Amino acid sequence: MSSMTRPLSCALLLIAQGAAHAGTCQEPGLNEVANEHVACRFFTGTRLFREGDHLGARLNWEYVLASDDRGDDVEKLRTDARNNLGYLLYMGLGTKPNRAKALQLWEAAARDGQEESSYHLCHAYGDAKQPEYQPQVALRYCREALARYDKLPIAERDRATEAIVRDIQKYIAGLSGA
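Now for a quick tour of the structure. A quick note: this is a predicted structure, and the numbers were derived from the prediction, not measured.

Criteria and thresholds
- Residues numbered from 1 in each chain as written.
- Predicted model: local features only at pLDDT ≥ 70, side-chain atom pairs only at ≥ 80, totals over all residues.
- Heavy atoms only, no water.
- Helix = DSSP H or I, 4+ residues; strand = E, 2+ residues; numbered from the N terminus.
- Buried < 20%, exposed > 50% of the residue type's maximum accessible area, 1.4 Å probe, protein only.
- Contact = heavy atoms within 4.5 Å.
- Areas by Shrake-Rupley, 256 points an atom, 1.4 Å probe, with all protein chains shown as cover.
- Expected span 1.5 Å × (residues − 1).

1. Here's the deal with the overall build of the protein
Reasoning step 1: Scanning the protein for helices and strands turns up eight helices and zero strands.
Reasoning step 2: Helices (α) and strands (β) of the protein occur, in sequence order from the N terminus, as α-α-α-α-α-α-α-α.
Reasoning step 3: Relative to its full complement of 178 residues, the protein shows a buried share of 40%.
Reasoning step 4: Taking as baseline every contact in the protein between residues at least 6 positions apart, the subset at least 24 positions apart corresponds to 43%.
Reasoning step 5: Accessible area of the protein: about 10,500 Å², with a carbon and sulfur share of 55%.

As structure tokens, then:
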């Protein structure tokens with residue numbers, strides 16, 4: 001490619017990308033909102049995570065956290081994005097592992113009532129093989145997580161949720177004697 005056509009190609013690519021971002025959301029049920037809407041970015045991150053694109057998921061969830069948008073729905077998505085981003089950071093998916101930052105994100109999400117964050121903290125602090133092991137802190141988060149999962153309507157409980165509840169109960173049983 002000649003040196004004259006490279007800048008033109010880059011400019012056209014940037015224009016095309018900008019046009020794609022200016023359109024409507026392509027996620028199911030969200031085609032009435034813009035691509036840059038917090039809900040679109042959150043659910044795009046969720047889809048990308050399920051597809052194994054952890055970097056793409058991380059970038060979308062970071063966008064949600066950085067957004068200036070406000071409202072109850074936005075705050076709920078922001079809380080869930082903290083939980084999800086914490087998982088990526090803790091596991092080192094789509095980024096270098098950063099367990100300290102993951103714990104901070106989960107703690108903030110747990111304060112906002114996010115049950116899965118409490119479960120992640122139960123596990124992180126309750127696993128004696130992990131450097132974060134703090135049995136009393138873990139026990140508090142495990143009990144909190146169990147109480148939150150117990151409040152879920154029966155209709156919302158699936159096999160995965162029941163497995164999480166059993167896991168939390170095992171942690172509580174093991175940590176109660178610690």
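From this point, the narrative continues.
2. Points about helix 2 (residues 38-50)
Since the α-helix advances by 3.6 residues per turn, residues separated by three or four positions end up pointing in the same direction.
Reasoning step 1: Between the first and last C-alpha of helix 2 there are 19 Å, a value that for 13 residues agrees with the 18 Å anticipated at 1.5 Å per step.
Reasoning step 2: Within the span of helix 2, buried status applies to V38, A39, C40, R41, F42, T44, G45, T46 and L48.
Reasoning step 3: Looking at the buried residues of helix 2, the elements they touch are helix 3 (54-66) and helix 4 (72-91).
Reasoning step 4: Where helix 2 ends, the next residue or the one after it, G52, has phi of about 90°, a positive value.

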